[in-house]
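Analysis of the macromolecular model
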Amino acid sequence: NLRIGFDAPTDITIASVANPLTANTTVQMAATLLPAGVDAEYPEISWSVTPSNLATISGSGALTLGGNNGLIIVRAASAWVGSTFVERTYTITG
């Protein structure tokens, strides 16, 4: 639901995490909607990761890495930003 009188998000960023990532671990991802302050009004961020055979990610951003080495792409998006999203590439190492 669009809130009248509030600024809608215009961009999204993923917080930095160490890269490469260690296989067989879980990393908590975080994203921020911009401009500053819109997170409280538009908190919905959806997460995805490809390929799904190397890692999975929960709705809250918990990234669970499998045991294989490889490259993954993590995507964060917000329904309020339309088709705007951000992707980061990470390396998984054993």
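Residues numbered from 1 in each chain as written. Predicted model: local features only at pLDDT ≥ 70, side-chain atom pairs only at ≥ 80, totals over all residues. Heavy atoms only, no water.

1. Quick look at the sheet that holds strand β9 (residues 85-93)
Spatial strand order, β2-β9-β8-β5: 4 strands in an open sheet with mixed pairing. A single partner strand is all that each edge strand has here, and the edge strands are β2 (21-22) and β5 (46-50). Here β5 pairs with strand β8 (residues 70-77) via 5 bridges, running antiparallel. Looking at β8, one finds that T50 is bridged to I73. (Pairing = 2+ DSSP bridges. Helix = DSSP H or I, 4+ residues; strand = E, 2+ residues; numbered from the N terminus.)

2. Description of the side chain of S78
Tracing the backbone shows S78 in the loop between β8 and β9. With relative accessibility at 2%, the residue S78 sits in the buried group. When residues no more than four places from it in sequence are discounted, the contact partners of S78 are I12, L33, E44 and T84. (Buried < 20%, exposed > 50% of the residue type's maximum accessible area, 1.4 Å probe, protein only. Contact = heavy atoms within 4.5 Å.)

3. Examining the packing of aromatic side chains
This model, assessed by the stated rule, comprises 0 aromatic pairs. If you follow R75 out to its NZ or CZ, it ends over the ring of F85, 3.6 Å from the centre. (Phe/Tyr/Trp six-rings, centres within 6.5 Å; stacked < 30°, edge-to-face > 60°. Lys NZ or Arg CZ within 6 Å of the ring centre and 35° of its normal.)

4. Focus: the sheet that holds strand β3 (residues 26-28)
Reading across from one edge, β3-β7-β6 is the order of the 3 strands in this open sheet, with antiparallel pairing throughout. For this open sheet the edge positions go to β3 and β6 (55-57), each flanked by a neighbour on one side alone. Across the sheet, the axes of successive neighbouring strands diverge by a mean angle of 20°, strand direction being ignored. Bridge count between β6 and strand β7 (residues 62-65): 3 bridges; the pairing is antiparallel. Bridging across to β7, A55 finds its partner in L65. (Axes fitted to C-alpha atoms, helices over the stretch in contact; angles between N-to-C directions.)

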